[in-house]
Amino acid sequence: MKIIVCIKQVPDTHEVKLDPVTGTLIREGVPSIMNPDDKAGLEAALRIKDSLGAEVTVITMGPLQADVMLREAMAMGADRAILISDRAFGGADTWATSLTLASGIRRLSYDLIITGRQAIDGDTAQVGPQIAEHLGIPNVSYAESLQVEDGHVIVKRQYEDRYQLVKAKMPCLITALSELNKPRYMTPGGIFAAYREKEVQLWTVDDVEVDREQIGLKGSPTRVLESFPKSIKPEGTKIIPDTEEEAAQYILDRLKEKFVF
Amino acid sequence: MDFTLSKEHEMARLLFREFAINEVKPLAAEIDENERFPVETVEKMRQTGMMGIPVPREFGGQGCDTMTYILAVEELSRVCGTTGVILSAHTSLAIDPLMQYGTPEQKEKFLRPLATGEKLGAFGLTEPNAGTDAAGQQTRAELDGDTYILNGSKIFITNGKEADIYIIFAMTDKSKGTRGISAFIVEKGTPGFTFGTKEKKMGIRGSSTYELIFTDCRIPAANMLGREGRGFGVAMGTLDGGRIGIGAQALGLAAGALDTTIAYVKERKQFGRPIAKFQNTQFQLADMATRVEAARLLVYKAAHLKDAGKKYSMEAAMAKLFASETAMEVTTKAVQLHGGYGYTREYDVERMMRDAKITEIYEGTSEVQRMVISANIL
């Protein structure tokens, strides 16, 4: 069985701040990590590998610095790593990114593709499902558990107040939630092997078949108008009136105050 | 000359730091308070491949090197001195002599389960009357057919009751002095091998420190480690490596106390401003940071020499001497900068200061290190 896991290197948002003037992320000095949902996706793939046997390939589109994250994935147990990197891909939105990744994935054979639900720097949750669309395969998103059985995957799909059990025929794409599992640590030997015995394959724009008008900033229809930190809502007031009438009167007064009535 | 770690060592450090913060730090105060050996942490270290870091893969290890192992001890000790010494005693004192002196059969039988972490290792040299004067061994081993009969006791043994495989030293020929000492591999559960009292200690209170007692304990002759009469060399060779491990533990304790104190002085206000704004605080921290960095360079250099297959005995002694005295000085200053709070168990520096003291004593006191160093230069 062959599994591809799409992973992204992101700034650790626990430590990231927004520039109050430009509204962009201040990335300098902020450590980069493997996106948590993607790491859960990788762990899910590695568990399938442990129990059923599988070849796990990790793939990312990003700058050359993403090499370290791909080595980390191999140190956890991934067999192969591919870095799609080229200046031509810079400034891509989710459309251009998913198109580029799908073009890279077409060069590989696979039974299952796993992506994280969303990245903590962009929070769009679009790239995974878009890759499935580009490849013309089914997509099951928000997986909180995952089983492989007889050419199918059985996924527990999370909703706010319920879940669905979905059985999908492979090949298909799953988007993983970080609740899916607790990712394993790398091993010291895995780290040595990742640097001394394994390679990160580098694919540039010449290595993937993709319409050059649809990649990078040029191929990105999305425009971000403004980014701003979430405003913190003040705490509500709690009133415990003596009678129902008093309560109703209190609510009425507040509504009048806010010109609702 | 390049003072940067390789990419693999940098990544290994990140792994150990993440492991230490997530898995070890939350238990540090509790295992100290209750004098409890953290079995669950050792199991997690096993799962993460940390119990056999420098052992070749053919014997079930990780195929890394001394430097990687040293980084693990440093990062663990940064948050918990107990966990640091559990790994150090296991790796430096049990695994290392088996790698250096073990026969292929001994490696297969004893090194492999230690390297995979299935079993835990310990080392028994010290006796009530043979501490710094290690040559004064009174434990005896007499050959009887194809077994040796062991009689005597060992004290202050780290990983004491928790270990499974012990490297034990005993006199096989009293008349020959140090040339009459031999090393043996002893398994827990061997008839005649029992445990005496558990030490109640000032620091590293989660580590299991026991007396080992041998009463007509029969060891297969095939369990002799190295040749007969060469045990003293095995012990000294092992302790050379062990000193780098304890140097790394001391370095970790000092670095951890420094981290904690830097955070504290920025928060703590006196006279209307954070105490970090006072020149005394700044100068104290500058001295602490400088000593930590110097200790780190000495420890890493000794590890580097060992990995390069060069002589490292003096450098290991220097690293252990300087790092342990740094640990004591830095943790003492850390408590001072914390004021009254630093003297309470609410703050980690109190434990760190107690943990630091032993690094000046075990695996060769500071005085022994000075003897080793001066013997090398005179």
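Residues numbered from 1 in each chain as written. Chains lettered and ligands numbered in written order. Predicted model: local features only at pLDDT ≥ 70, side-chain atom pairs only at ≥ 80, totals over all residues. Heavy atoms only, no water.

Draft legend 1. Region of the structure containing the interface of chain B and chain A. Contacts between the two partners involve 20 residues from chain B, matched on the other side by 16 residues from chain A. Both sides of the chain B and chain A interface together cover about 1,500 Å² of buried area, and 66% of this is carbon and sulfur. Sorting the residues of chain B by area buried against chain A places Glu-8, Met-11 and Leu-15 of chain B first, and these three jointly supply 42% of that buried surface. Counting every contact that joins chain B to chain A gives three salt bridges. Residue Glu-8 of chain B is joined to Arg-196 of chain A by a salt bridge in which the shortest nitrogen-to-oxygen separation is 2.7 Å. (Contact = heavy atoms within 4.5 Å. Buried area = accessible area lost by both parts, 1.4 Å probe. Salt bridge = Lys/Arg side-chain N within 4 Å of Asp/Glu carboxyl O.)

Draft legend 2. Broad picture of the side chain of Asp-32 of chain B. Its location among the elements puts Asp-32 of chain B in helix 1 (residues 7–33). Not counting chain neighbours up to four residues away, the residues in contact with Asp-32 of chain B comprise Arg-205, Arg-345, Arg-351 and Arg-354 of chain B. (Helix = DSSP H or I, 4+ residues; strand = E, 2+ residues; numbered from the N terminus.)

Draft legend 3. Looking closely at the packing of helix 3 (residues 66–79) of chain B against helix 4 (residues 81–101) of chain B. Residue and element names in this part refer to chain B. Interhelical geometry of helix 3 versus helix 4 gives an angle of 155 degrees and a closest axis separation of 6 Å. Taken as axis vectors, helix 3 and helix 4 run roughly antiparallel relative to one another. Residues Tyr-69, Ala-72, Val-73, Leu-76, Ser-77 and Val-79 of helix 3 lie in contact with helix 4, whose contacting residues are Gly-81, Thr-83, Gly-84, Leu-87, Ser-88, Thr-91 and Ser-92. Here the residues of the contact of helix 3 with helix 4 are counted per class, giving six nonpolar, seven polar and no charged. (Axes fitted to C-alpha atoms, helices over the stretch in contact; angles between N-to-C directions. Parallel < 35°, antiparallel > 145°, perpendicular 65-115°, else oblique. Nonpolar A, V, L, I, M, F, W, Y, C, P; charged D, E, K, R; others polar.)

Draft legend 4. Up close: the environment of Tyr-250 of chain A. Tracing the backbone through its elements, the reader meets Tyr-250 of chain A in helix 6 (residues 244–257). On a C-alpha basis, the gap between Tyr-250 of chain A and Ile-239 of chain A in space is 9.1 Å, while along the polypeptide they are 11 residues apart.

Draft legend 5. Focus on the sheet that holds strand 12 (residues 172–176) of chain A. Residues and elements named next belong to chain A. Judged by pairing direction, the sheet is mixed, and its nine strands sit side by side in the order 11-10-9-12-8-1-6-7-13 without closing on themselves. In this open sheet, the two strands that pair with only one neighbour each are strand 11 (163–169) and strand 13 (200–203). Strand-to-strand twist in this sheet, taken as the mean axis angle between neighbours without regard to direction, amounts to 30 degrees. Of the strand pairs in this sheet, strand 1 (residues 2–6) and strand 6 (residues 55–61) are connected by five bridges, and their pairing is parallel. Of the residues in strand 6, the one forming a bridge with Lys-2 is Glu-55. In the packing of helix 3 (residues 94–106) onto the sheet, the strands contacted are strand 1, strand 6, strand 7 (80–84), strand 8 (112–116) and strand 13, and the crossing angle to strand 6 comes to about 145 degrees. The sheet strands contacting helix 4 (residues 127–135) are strand 1, strand 8, strand 9 (139–149) and strand 12, and the helix crosses strand 12 at an angle near 175 degrees. (Pairing = 2+ DSSP bridges.)

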